[in-house]
Each structure stands twice: as C-alpha cells, then as structure tokens.
Amino acid sequence: MKTGENLALKSFTTFGVAARAARVVEIDSPADLARCRFEPATDLVLGGGSNVLLASDIDGTVFLNRIRGMRAVEDRGQSVLVEARGGQLWHSLVLWSLREGLSGLENLSLIPGLVGAAPMQNIGAYGVELSEVLERVEAWDWQQGRMVEFSTAECGFAYRDSRFKSRDAGRFFITRIFLRLARHFTPRLDYDELREELGRSNIAAPDAHQVSRAVIMLRRRKLPDPTLLGNAGSFFKNPQVSAAEAESLRARFRDLPSFPANAATVKLSAAWLIEQCGWKGHREGDAGVSDRHALVLVNHGNASGAEILALAHRVRDSVLERTGVRLEPEARIYPETRT
Ligand code: FAD
Ligand code: NAP
C-alpha cells in the first residue's frame, strides 16, 4: 500500500483538470482496506477517473484501486462464471473474454475505466447494460469494516444508476465482480448505427469479435479521445420523461429522437436537446462542448473543474428554459455539489 501527500491529480482523471489531493492511497489488496478509514464527506475512490469531474481540490484522501486480475471460476458448459477484480481495466476484460470464446460484453467494448466502477452506474452502451451479465458484486463496507456481497437484484440497478451511485454513495469500495458469460453468441443489434457499421463491412451475421470491432470503430469515430482532448464521455444522462410530456415535446420539436424506456416513460436524446440549444462546438476559454458530440463536455487544455462545471450549468439551464426538460449529470462531481 503506497501513500502520498499533496499530490497533483491532473493525470488521474480523463478530464485532465488541475486539482490536488491532500493524500493519495493505492489499494493493492483487500487486506489494505482493513487498515484504512474512509471519511465520506472528504474522501473519494478513483478508478480510471473517466466519469469524474474534480471541481476543486480534494481535502481528504483519494483511494486508488490497484487490485487487478481476472479468471474463469466456474464452467457450466453453456456459460462460464468470470471473476474480475476492481482495478482491472474494463476494456482488457472485454478483450480477454472474447479471446476465451465468451460473449456478453462485446457491446460494452472500449468503455474507459476500471472494472470496480462498472457497477457504479451500471455501465451501458449500444443497448446492453452490465446488469444483464452481472451475477454478484463484492465490496468493502467502509461503515462496518468488512467485506460484503450483493446479488444483482440487491445492487439497485437502473439506467446509468445503482445503489452504489445513489443511496449508498461513498459507502462501499468495490473489490471484485462476477459475470456470467455465454459460450453461445446472441447478437444484440438494436442500435441502427451498429447495424449500419457492420453493414459497411458487409457483415450480415456477425460473431462477437466483429460486433466488438464495429463498436470500437464507431466509438473511435464519434467520440473525442480523452488522451487527446480531456472529457468524461456523456456529461449528462439521457432524460426519461412521461409519455405525455414526450408527446407535447414532439409537437414542438418534430425531429426529437425518443425511445421507449419502460411502460410509463420515454427516453429522450440529451445530445439532441443540447444541440438544439446551439451548444455543439461552443467554447468558453478552455472549457467547451465537443464539436463531435454535444453530450460531451471537453477540456481544451487548461480549463479548471469549476469552469467546466459552470459551463455544464449554463447548458443545463438553457435546455430547461427552451424545452422544459431538466438534464441530470451522469458524471460524478467532487467535492459533491447540488447540481
Ligand atoms: P471513475 O471515474 O474513477 O469513478 C466513477 C465513480 O465510481 C466515482 O464516483 C468513484 O468514486 C466510483 N468508483 C470507482 N471505482 C470504485 C470502486 N472500486 N468502488 C467504489 N466506487 C468506485 N459509461 C458508460 O456507462 N457507457 C459508455 O459507453 C461510456 N463511454 C464513455 C466514453 C468516454 C470517452 C468516456 C471518457 C467515458 C465513458 N463512460 C461511459 C463513462 C465511464 O467510462 C464509465 O462510467 C466507467 O465505468 C468509469 O470507470 P472509472 O474507473 O474511470 O471510474
Ligand atoms: P447514438 O447511437 O448516436 O444514439 C443517440 C442516443 O439515442 C443514445 O444516447 C442512445 O441511448 C439512444 N438510442 C439510439 N438507438 C437506440 C435504440 N435502438 N434504443 C434505445 N435507445 C437508443 O449514441 P452515441 O452517443 O453514439 O453512443 C452510443 C452508445 O454508447 C450509447 O449506448 C451511449 O449510451 C454509449 N456511450 C455512453 C457514454 C457515456 O459516457 N455514458 C459515452 C459515449 C457513448 P443510450 O445512451 O441510452 O444508449
């Protein structure tokens, strides 16, 4: 377990904003956790920092997850139970599972960050969510000072949400997850762009590797690369509104993309709403809205976290004023604010 004092965090998040932490602790094994204390008001767990905006310095301790590894733990023939530790790179797990002949993660290819953060917001892309393949989560409970396990049903998963992100935020350090992956591949091709991408390569009946490669190609083309331009992916969640609200919005905005979310609600495209308000490609100093994707706020170099947050507030307020739809941040903002 390595520790450091007064460390710069610029390279610890994909936004690349300058901030300092009073203390940083690297967790190399579950045993390290038993020797630490976590103060929810000031402390923070960081994985790859790809879903976090540091709005100012962290007065407490930043815990870094360095518990790595992945392996198959049970083979039932048709399916395999895989254990992945929290400090493992998510995309390396996806590639490893494909090499092992296992499917279920291909639509989630190239999502940045570490395994331990994946349950936090029930990561999802191209119509697939982590919760569909997750079997259980192991976590260190800072409150009780012991290891606990949650079945998928106990994780409180919802659209880009879980108990770890909402009602139990700051209580658990996720040490490992168990995934049930399939030997027999069933393609999930609901998203038009994914089918079109495969179509461009004349692939009518793709295998899991081909779906993964198509997702990777699409993401590389559509999203700014955080190693070149600081960002945390989608800054806001796609809003879910009632069917009646969606209908009245469609009367005003004929091209508004919308998708059934569940029996009672409809999901709207936050990127489309932001673009309608004229923000795509907008820049204020070094804080901006990506010119490739309106849902992605970017750091052109030296924007501070506070400047990016101020821009996020202006985007949110203008969407609310023009459309009546309130956007909620998907990225986690530290120190915690009432956004
Ligand atoms: P961090 O950003 O380090 O942390 C995120 C949150 O999880 C924080 O609250 C942190 O405290 C907490 N946390 C991290 N690790 C642990 C742990 N072990 N135990 C307890 N709490 C923990 N997300 C999607 O869902 N789908 C996408 O398609 C997607 N695409 C993206 C594309 C780009 C270009 C970028 C930059 C981001 C994208 N994201 C996407 C967001 C992000 O990559 C994911 O949410 C990812 O799971 C975050 O992982 P991380 O390790 O970077 O977490
Ligand atoms: P897209 O394909 O351009 O679609 C725009 C929006 O419409 C998406 O947000 C998506 O919702 C929704 N959508 C499209 N087809 C849909 C369908 N058949 N059923 C339900 N919803 C549909 O999206 P994109 O921005 O290029 O992103 C592609 C995928 O990667 C999306 O799933 C997106 O969530 C994910 N992604 C996530 C992040 C992040 O940081 N969270 C960043 C980049 C990409 P959903 O977002 O709910 O899927």
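Whatever comes next refers back to the structure up there.
What comes next is a walk through the structure. Quick caveat, the model's predicted, so the values are computed rather than measured.

### As for helix α2 (residues 90-99)
Piece 1. Where burial is concerned, most of α2 is hidden: seven out of the 10 residues are buried.
Piece 2. Buried within α2 are the following residues: W90, H91, L93, V94, W96, S97 and L98.
Piece 3. If you follow the buried residues of α2, they end up packed against β6 (70-75), β7 (79-85), β12 (172-182) and α4 (208-222).
Piece 4. G101 sits one or two residues past α2 and shows a positive phi near 80°.

### Some thoughts on the pairing of strand β19 (residues 296-299)
Piece 1. Burial of β19 is two-sided: the residues V296 and V298 facing one way and the residues L297 and N299 facing the other way are all buried.
Piece 2. Of the strand pairs in this sheet, strand β13 (residues 230-234) and β19 are connected by three bridges, and their pairing is antiparallel. For S234, the partnering residue across the bridge sits in β19 and is V296.
Piece 3. Bridge count for strand β18 (residues 287-289) against β19 is three bridges, and the pairing is antiparallel.

### Some details on the environment of I67
Piece 1. Structurally, the position occupied by I67 is in the loop between β5 (58-65) and β6.
Piece 2. Sequence separation of I67 and I333 is 266 residues, and the distance between their C-alpha atoms is 24 Å.
Piece 3. If we ignore the near neighbours within four places in the chain, the residues touching I67 are I27, D28, S29, P30, R85, G86, G87, Q88, F173 and T175.

### A look at the packing of aromatic side chains
For any pair of aromatic rings, geometry is given as the distance between the ring centres together with the angle between the planes.
Piece 1. Counting across every chain of the model gives 11 aromatic pairs.
Piece 2. For the ring pair F63 and W142, a centre distance of 5.0 Å and an interplane angle of 45° mean the geometry is tilted. Here the residue F63 occupies a position in strand β5, and W142 occupies one in the loop between β10 (134-141) and β11 (146-151), the gap between them amounting to 79 residues. Of the two residues, F63 and W142, neither departs from the other in class, the shared state being buried.
Piece 3. Connected via pairs of aromatic rings, a cluster forms that spans F38, F63, W142 and F173.

Definitions and cut-offs
By convention here, each chain's residues receive numbers from 1 onward along its written sequence. Working convention: letters from A go to chains and numbers from 1 go to ligands, in the order in which they are written. In view of the model being predicted, local features appear only for residues whose pLDDT reaches at least 70, and side-chain atom pairs are presented and counted only at 80 or more, with totals across whole chains, interfaces and linings using the full set of residues. Excluding hydrogens and water, the side-chain figures rest on all heavy atoms present in the structure. Between buried and exposed lies partly exposed: a residue is buried under 20% and exposed over 50% of the maximum accessible area for its type, with that area taken using a 1.4 Å probe on protein chains only. A run of H or I in DSSP counts as a helix once it spans at least four residues, and a run of E counts as a strand once it spans at least two, with each numbered from the N terminus. Contacts were defined at the residue level, with two residues in contact if any of their heavy atoms lie within 4.5 Å. The rule for pairing is simple: two strands pair if DSSP sees at least two bridges between them. Between the rings of Phe, Tyr and Trp (Trp by its six-membered ring), a pair exists once the centres lie within 6.5 Å; its type follows the angle of the planes, with under 30 degrees stacked, over 60 edge-to-face, and the other angles tilted.

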